Amino acid sequence: MMLLLLACSPPEGLWFDGVDDMVQVQGVEGLDGDALTLEIWATLSKTGPVMGDLLDRRDATGDTFLFRVRREPLPQLEFGVGLPGREWGLRGKMVIPTETPVMLAVTQDRRTGETRLYLNGQLDQQGTCQAP
């Protein structure tokens, strides 16, 4: 299943500061299948929060995943998942350019835990997730 979030916006697009921006999606079925793919087009400013969340899910039961850009020491992609007492994360190696549109993506095979990070369609990092 593919979920597309579209909004009416001015020609220059929507701008997010990564701090208090939120889109909440409710009543969508079929997002808990065997595979997860997140793809986000973004333009990073030269300054911004230390960790800019691109997408996260925090469940009342404690199940979480987080897709974000870490800025220290350099802007790099990160994906993490966890359950209470069990957390895991994968950080990219490529530096994300600022002031230019980039495509940031993560794929995860939920059966094997294999996870891959992509920057502009190029494989950045891969690993195996230890938390379901």
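Residues numbered from 1 in each chain as written. Predicted model: local features only at pLDDT ≥ 70, side-chain atom pairs only at ≥ 80, totals over all residues. Heavy atoms only, no water.

**Focus on the sheet that holds strand S6 (residues 101-109)**
At step 1: Strand order in the open sheet made by the 4 strands is S1-S6-S7-S8, with antiparallel pairing throughout. Looking along the sheet, the strands with just one partner apiece sit at the ends: strand S1 (35-43) and strand S8 (122-128). Across this sheet, the average inter-strand angle for adjacent strands is 15°, counted without regard to direction.
At step 2: Summarising the sheet, S6 and strand S7 (residues 114-119) pair through 5 bridges and their orientation is antiparallel. (Pairing = 2+ DSSP bridges. Helix = DSSP H or I, 4+ residues; strand = E, 2+ residues; numbered from the N terminus. Axes fitted to C-alpha atoms, helices over the stretch in contact; angles between N-to-C directions.)

**Describing the packing of aromatic side chains**
At step 1: Per the counting criterion, the structure on display carries 1 aromatic pair.
At step 2: Centre to centre, the rings of Phe 67 and Phe 79 are 6.4 Å apart; their planes meet at 70°, and the pair counts as edge-to-face. Of this pair, Phe 67 sits in strand S3 (residues 64-70) while Phe 79 sits in strand S4 (residues 76-83), placing them 12 residues apart in sequence. The pair Phe 67 / Phe 79 is uniform in exposure class, with both members buried. (Phe/Tyr/Trp six-rings, centres within 6.5 Å; stacked < 30°, edge-to-face > 60°. Buried < 20%, exposed > 50% of the residue type's maximum accessible area, 1.4 Å probe, protein only.)

**What to know about the nonpolar core**
At step 1: Among the nonpolar cores identified, the biggest contains 20 residues, and Leu 38, Phe 67, Leu 77, Phe 79, Ile 96, Leu 104 and Leu 117 are the most heavily contacted of them.
At step 2: Residue assignment for this core shows that the elements contributing at least two residues are S1, S3, S4, strand S5 (86-91), S6 and S7.
At step 3: No other element matches S1, which puts 4 residues into this core.
At step 4: The residues contacting Phe 67, other than those within four sequence positions of it, are Leu 38, Ile 40, Asp 53, Leu 54, Leu 55, Leu 77, Glu 78, Phe 79, Leu 104, Ala 105, Val 106 and Leu 117. (Core = buried A, V, L, I, M, F, W, Y, C linked by side-chain atoms within 4.5 Å. Contact = heavy atoms within 4.5 Å.)

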